[in-house]
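Architecture and fold: a report
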Amino acid sequence: MPQRRIHLVRTLSYQVEILEDRCKGCQLCIKVCPRHLLKLSQHANEKGYLVVEWQYSKTLGCIGCGLCYQICPEQAIRIYAEVER
Amino acid sequence: MRVSALIPKYPEPETYMGHTHYCPGCGHATLHKLLGEVVDELGIRKRVIMIEPVGCSVLALKYLKFDGIQGPHGRAPAIATAVKRLRPESIVITYQGDGDLAAIGTNEIIHAANRGELFTVVFVNNAVYGMTGGQMAPTTLLGQKSTTTPTGRFAEFCGYPLRVCELLNTLDAPVYLERVSLFDVEHILKTRAALKKALLNQIEGRGFSLVEVLSNCPTNWKMTPEESWEFVKNEMTKVFPLGVFRDK
């Protein structure tokens, strides 16, 4: 997979997207995040689960470790790397 | 001005589609994702034939883009034997739960393992019958409450938990037996490696391989997802020790 070679380019920051239609609010990702950027929101998705939300932080932001991606059973978390073009 | 672009750091597997029906925090969905990733990595998606079990994961083929057959309860190893013998070029995976493999299908799995059939078994052990409402399974721990043992499992009446990997380790034919778990990210990655190894054993024609995955059932254990993974980590791994039992 060519996209796997992302470690060869310099990354400016990481951004996390939570797919709200997939999230079931199991809160496993909240526990594993080393920067405590994920928390349970107060709004429900169409299935009725309270979804997890990600908050942007410029100084102590996402480090792209992928722990939340690995532990999410529903693949509701996407991590994007912002790179120089 | 600096022009930047957003690239997904962890590309999603093409084989796994998500949108599952499982309860929040269920280990089945994680395992489907790992299976999808491993199959994508090995590039064998068009050759895989997966035998679905009866149980919660009966709709696994709805989420994984494989060909497959849905077999009777516990008879997946028999179907897999037929498929592998008639179509030797295909990669046959059976995906079975503990009620399926360890209770009603004990006979099938022991004989398939004893013949050394060339397929891969993924055995999901979550210590209860999940889909039917949390009845006691052979792998239920002593003292664990279930619908049919409301005061906990007693050894005098119900026997002891069945350890499938240790049981199959007494046979000569299996080449790879490992017990893994999914309770944290480290063990999820170990599970991924074990699945990859089991599939490589089949691709290279070595023989029967079985990966037992300790999973959870938050609904029937009446716990939150986090508590259920703590239970797997602290209680289940005492009775079902993790590790490689055979690798030859």
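For the structure, see preceding data.
What you see is a predicted model; the values in this text were computed from it and never measured.

Rules of the game
- Residues numbered from 1 in each chain as written.
- Chains lettered and ligands numbered in written order.
- Predicted model: local features only at pLDDT ≥ 70, side-chain atom pairs only at ≥ 80, totals over all residues.
- Helix = DSSP H or I, 4+ residues; strand = E, 2+ residues; numbered from the N terminus.
- Buried ≥ 20, exposed ≤ 12 C-beta atoms within 10 Å, placed from the backbone.
- Contact = placed C-beta atoms within 7 Å.
- Rg over C-alpha atoms; globule rule 2.2 N^0.38 Å.
- Pairing = 2+ DSSP bridges.
- Core = buried A, V, L, I, M, F, W, Y, C linked by C-beta atoms within 7 Å.
- Nonpolar A, V, L, I, M, F, W, Y, C, P; charged D, E, K, R; others polar.
- Axes fitted to C-alpha atoms, helices over the stretch in contact; angles between N-to-C directions.
- Expected span 1.5 Å × (residues − 1).

**Re the overall build of chain A**
- When you go through chain A residue by residue, the secondary structure sums to two helices and four strands.
- Along chain A, helices and strands appear, N-terminal first, in the series β-α-β-β-α-β.
- By the burial criterion, 29% of the 85 residues in chain A qualify as buried.
- Sequence-distant contacts in chain A: of pairs separated by 6 or more residues, those separated by 24 or more amount to 70%.

**Description of the overall build of chain B**
- For chain B, the count of helices and strands is 10 helices and 10 strands.
- The C-alpha atoms of chain B give 18 Å as radius of gyration, which agrees with the globular expectation for 248 residues (18 Å, within 12%).
- Along the first, second and third principal axes, the C-alpha set of chain B runs to 70 × 50 × 30 Å.
- Relative to all contacts within chain B whose residues are 6 or more apart in sequence, the contacts with residues 24 or more apart total 65%.

**A short note on the pairing of strand β5 (residues 120-125) of chain B**
Residue and element names in this part refer to chain B.
- In terms of burial, β5 is largely enclosed, as six of its six residues are buried.
- The alternating pattern of β5 places T120, V122 and V124 and V121, F123 and N125 on opposite faces, both of which are buried.
- Summarising the sheet, strand β4 (residues 91-97) and β5 pair through five bridges and their orientation is parallel. Looking at β5, one finds that Q96 is bridged to F123.

**With respect to the nonpolar core**
Residues and elements named next belong to chain B.
- Counting residues in each nonpolar core, the largest one holds 81 residues, and the members touching the most others are V122, F123, L195, V211 and V213.
- Beyond its immediate chain neighbours, meaning those up to four positions away, V213 contacts L31, V122, F123, V124, N125, V180, S181, L182 and T191.
- Listed in part, the five residues of the second largest apolar core include Y22, C23, A29 and C56.

**Regarding the interface of chain A and chain B**
- Residue-level contacts link 32 residues of chain A with 25 residues of chain B.
- Of all the secondary-structure elements, those providing two or more residues to the side of chain A that touches chain B are β1 (11-18), α1 (28-32), α2 (67-71) and β4 (77-84) of chain A.
- No other element matches the seven residues that β4 of chain A contributes to the side of chain A that touches chain B.
- Considered class by class, the residues forming the side of chain A that touches chain B number 16 nonpolar, eight polar and eight charged.
- With five bridges joining them, β4 of chain A and strand β1 (residues 4-8) of chain B adopt antiparallel strand pairing. Counted as the bridge partner of Y80 of chain A is P8 of chain B from β1 of chain B.

**Quick notes on the sheet that holds β1 of chain A**
- Strands sit in the order β1(A)-β4(A)-β1(B) across an open sheet of three strands; the sheet is antiparallel. What marks the edges here is a single partner per strand, and that holds for β1 of chain A together with β1 of chain B. Taken pair by pair, the neighbouring strands of this sheet meet at an average axis angle of 30 degrees, ignoring direction.

**What about unusual backbone geometry?**
- The phi dihedral of H36 of chain A falls on the positive side, at around 55 degrees, and the residue is not glycine.
- If you trace the backbone, H36 of chain A turns up in the loop between α1 and β2 (38-44).
- Here H36 of chain A falls in the exposed class, since 11 other C-beta atoms lie within 10 Å of it.
- The backbone of K222 of chain B sits at a positive phi, close to 60 degrees, despite the residue not being glycine.
- By C-beta crowding, K222 of chain B is classed as exposed, having 11 other C-beta atoms within 10 Å.

**Here's the deal with the environment of S41 of chain A**
Residue and element names in this part refer to chain A.
- Structurally, S41 is set in strand β2.
- With 17 C-beta atoms counted inside 10 Å, the residue S41 sits in the partly exposed group.
- C-alpha of S41 to C-alpha of K58: the two residues are 17 residues apart in sequence and 20 Å apart in space.

**What about helix α8 (residues 185-203) of chain B?**
- Taking 1.5 Å of rise per residue, 19 residues should cover 27 Å, and α8 of chain B covers 27 Å from first to last C-alpha, within 8% of that figure.
- Regarding α8 of chain B, the residues found buried are H187, I188, T191, R192, A194, L195, A198, L199, N201 and Q202 of chain B.
- Looking at the packing, one finds that the buried side of α8 of chain B touches α2 of chain A together with α1 (27-42), β4, β5, β8 (176-181) and β9 (209-214) of chain B.
- Of the residues trailing α8 of chain B, G205 of chain B is marked for its positive phi of about 75 degrees.

On their own, these measurements won't tell you what the molecule is for.
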